[in-house]
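Architecture and fold: a report
The lines below spell out each chain.
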Amino acid sequence: MISSARLWRRRPAYSGRWEAARLSPLVLTVLIAGLAFSTPREIAFSRLLPAAPALAAAMWPVLPTVVLGAFCFVLMIVLSFFHTDLGTPYTSAAIIAVTLAAAYGSHVRHQREETLFQVRLVADAAQKVLLRPLPRRIEGIEIESLYLAAQEQARIGGDFYEAIGTPHGVRLLIGDVRGKGLSAVGAASAVISCFREAAYDEPDLRGIVHRLETTVTRHSAAFPVQDQPEHFATALLAEIPHGGDRLLILNCGHPPPLIAQCGKVRILEPTISSPPLNLAALIGDRYWVDIVPFTPGDQLLLYTDGVSETRDHTGRFFPLPDWMRRQDTEHPRELLDLLHRDLLRHSGGRLGDDIAALALRHTTAQDRKALGADD
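Here is what the cut-offs are and how they apply
Residues numbered from 1 in each chain as written. Predicted model: local features only at pLDDT ≥ 70, side-chain atom pairs only at ≥ 80, totals over all residues. Heavy atoms only, no water. Pairing = 2+ DSSP bridges. Helix = DSSP H or I, 4+ residues; strand = E, 2+ residues; numbered from the N terminus. Contact = heavy atoms within 4.5 Å. Axes fitted to C-alpha atoms, helices over the stretch in contact; angles between N-to-C directions. Buried < 20%, exposed > 50% of the residue type's maximum accessible area, 1.4 Å probe, protein only. Lys, Arg positive; Asp, Glu negative; His and termini not counted. Salt bridge = Lys/Arg side-chain N within 4 Å of Asp/Glu carboxyl O. Polar contact = N/O pair within 3.5 Å; in protein donor to acceptor, adjacent residues only side chain to side chain. pLDDT = per-residue confidence, 0-100. Expected span 1.5 Å × (residues − 1). Patch = residues over 30% accessible without salt bridge, like charges linked within 9 Å, V, L, I, M, F, W, Y side chains within 5 Å. Areas by Shrake-Rupley, 256 points an atom, 1.4 Å probe, with all protein chains shown as cover.

**Digging into the sheet that holds strand 8 (residues 264-267)**
Here 6 strands make up an open sheet; going across it, the order is 1-2-11-10-7-8 and the pairing antiparallel. Bordering the open sheet on either side are strand 1 (137-138) and strand 8, each of which pairs with just one other strand. In terms of strand pairing, strand 2 (residues 141-148) meets strand 11 (residues 355-362) through 8 bridges, oriented antiparallel. Counterpart to Leu148 in the pairing with strand 11 is Ile355. Across the face of the sheet, helix 12 (residues 332-347) comes into contact with strand 2, strand 10 (299-303) and strand 11 while running at roughly 20 degrees to strand 2.

**Examining the pairing of strand 4 (residues 169-177)**
Here strand 4 lies mainly inside the structure; 9 of its 9 residues are buried. Note that strand 3 (residues 159-166) and strand 4 share 8 bridges and pair antiparallel. From the neighbouring strand, Phe160 faces strand 4, where its bridge partner is Gly175. Linking strand 3 back to strand 4 in an antiparallel pair, the connection comprises 2 residues. Bridge count between strand 4 and strand 5 (residues 233-240): 8 bridges; the pairing is antiparallel. By the bridge assignment, Val177 is partnered in strand 5 with Ala233.

**Observations concerning the environment of Pro61**
Counting through the fold element by element, Pro61 comes out in the loop between helix 4 (51-56) and helix 5 (62-82). When the C-alpha atoms of Pro61 and Gly105 are compared, they prove to be 9.7 Å apart, with 44 residues separating the residues in sequence.

**Points about the sheet that holds strand 6 (residues 246-252)**
In a beta sheet, neighbouring strands pair by backbone hydrogen bonds and run either parallel or antiparallel. Spatially, the 5 strands line up as an open sheet ordered 3-4-5-6-9, and their pairing is antiparallel. Lying at the two open borders of the sheet, with one neighbouring strand each, are strand 3 and strand 9 (289-293). Geometrically, the sheet is characterised by an average inter-axis angle of 15 degrees between neighbouring strands, direction not taken into account.

**Comments concerning the environment of Pro53**
Mapped onto the secondary structure, Pro53 falls in helix 4. Note on Pro53: relative accessible area 0%, which makes it buried. Each C-alpha atom of the pair Pro53 and Ala101 lies 9.2 Å from the other, and the pair is 48 residues apart in sequence. Among residues more than four places away in sequence, those in contact with Pro53 are Thr65, Leu68, Gly69, Cys72, Val98, Thr99 and Ala102.

**Some thoughts on the side chain of Asp298**
With respect to the secondary-structure elements, Asp298 resides in the loop between strand 9 and strand 10. The charged side chain of Asp298 is buried without a salt bridge, its nearest counter-charge being Arg266 at 7.5 Å. Of the polar contacts made by the side chain of Asp298, one reaches the side chain of Gln261; its length is 3.0 Å. Here the side chain of Asp298 touches Thr295 through a polar contact of 2.8 Å, landing on its backbone nitrogen. For Asp298, the residues in contact, after removing those within four places along its chain, are Ala260, Gln261, Cys262, Pro293, Leu360, Arg361 and His362.

**Thoughts on the confidence of the model for the protein chain**
For the protein chain, per-residue confidence averages 83 on the pLDDT scale, and 84% of positions sit at 70 or higher. In this model residues 1-15 is a low-confidence stretch, pLDDT under 50, and it forms 24 contacts with partners more than four residues away in sequence or in other chains.

**Comments concerning helix 8 (residues 205-222)**
Between the first and last C-alpha of helix 8 there are 26 Å, a value that for 18 residues agrees with the 26 Å anticipated at 1.5 Å per step. All of the buried residues in helix 8 are Leu205, Gly207, Ile208, Val209, Leu212, Glu213, Thr215, Val216, His219 and Ser220. The opening residue of helix 8 is Asp204, an N-cap whose side-chain oxygen sits 3.2 Å from the backbone nitrogen of Arg206.

**Observations concerning a nonpolar patch on the surface**
Where nonpolar side chains cluster on the molecular surface, the patch consists of Phe37, Phe73, Val74, Ile77, Val78, Phe81, Phe82, Ile96 and Leu100 and spans about 870 Å² of accessible area. Counting residues per element, the ones that place at least two in the nonpolar patch are helix 5 and helix 6 (88-130). In terms of residues, the nonpolar patch owes the most to one element, helix 5, which gives 6 residues. Looking at the element boundaries, Phe81 is found in helix 5. With relative accessibility at 71%, the residue Phe81 sits in the exposed group.

Shown next, in the form of C-alpha cells:
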C-alpha cells in the first residue's frame, strides 16, 4: 500500500498550476483572518473559517487538514478576545465539525488515489507489453514510434504497432481495432502476439495476414462483446527485404502510408483493396501485396486513422499529405515530434481518437559512416 505522504509527493506533475492550487487553503485562511481582524465586528468574516479545512480536504492529506482546522479553531478563539459577540461557540463548533468531516473525506480520497495509482502502474506495464519500445534501428532502417491516447488519463487502447527484424527482413505492423475499452485492448494484444510469432515463421506477408485473420476470428468467438458481436481490425503489414531497395505492403483496409522520395511525397494507395481482419468471410479473402521502391534516404510514415481524422474546431481534417510535404527533416524522431505538436495544435489540444504512428528512414552510406565513426 502506498502511504499518503508518498502520494502527496507523487501528485501528477501538472506543472506549477497544481503546486499553486495546493496552497489555496492556506491562502484562504490568511485572507479570512486578515479580513476578520481589519473589518468591523458586524461583518463577521470569521464565520467563513470552516471553509478552509473543507477546501483542504480536496487536495491535502489527513494530518495537514486536521492541523489547518486546529489553527482555524485557535484563530477563532484569538479573535474572540478582540471582538465580542462574534458567535464564537457556534463558529468554533462549525470548525470542529467541518474539520472532522474534511479529515474523513481526505482519508477516503487518498484511499481512492492509492487504488488509482496501482491501476495506472498495471496499465503502464500492460502498455509496455502491448506496445513495447521499438529498436531505433533495424538493419539500416531507422524507426521511431508515436502513441497518443485520446483520453488524457488513458494508457492503452485499440491502436497497435510492431517492428521486428526477421530472417526475411524488417517486418512492420500497424493497425486499429474497431471499438473501445478492454475488449479492443484484448483484440489488439492478440493481433500483436500473433504477428510477433508469424513474422519469423511465414515466408511472405500473405501467410502472416492469414494467421492474423484466424487469430482475430478466434478471439472474437472466445470473447464476445454484448454491443459488438464481432471484433474486426484494420491493419497494414510491410516488409523491407534484406539488402533490398524495395518495400512490400499489404493493406487490409488501413489508411495508406506516405512515402517521401527525392523531395516528393506520395500516398501509397493499394492497387487492390484487401479486407480488414475478421471480415474476409464476408467480403472475400483476396490479399494483394504492392511493391514500391525504397532507396537510401527515403522516408515512410505509417499511421492510424486517428492522425488523418483529427479535426479542428470547424470540423476540418488534419491535412496530413500537405503537412508531410512541408517537412524537411531527415530524422524520424523529429518528424514524429513535429507531428505530435501540430496534431495538438490543429485539434486545440483535444484528440478525438487514439493515435499511433511509425516513421522509418532508409539510412544512406553517409549515415552508416557517421554511425561507424561514433562507435
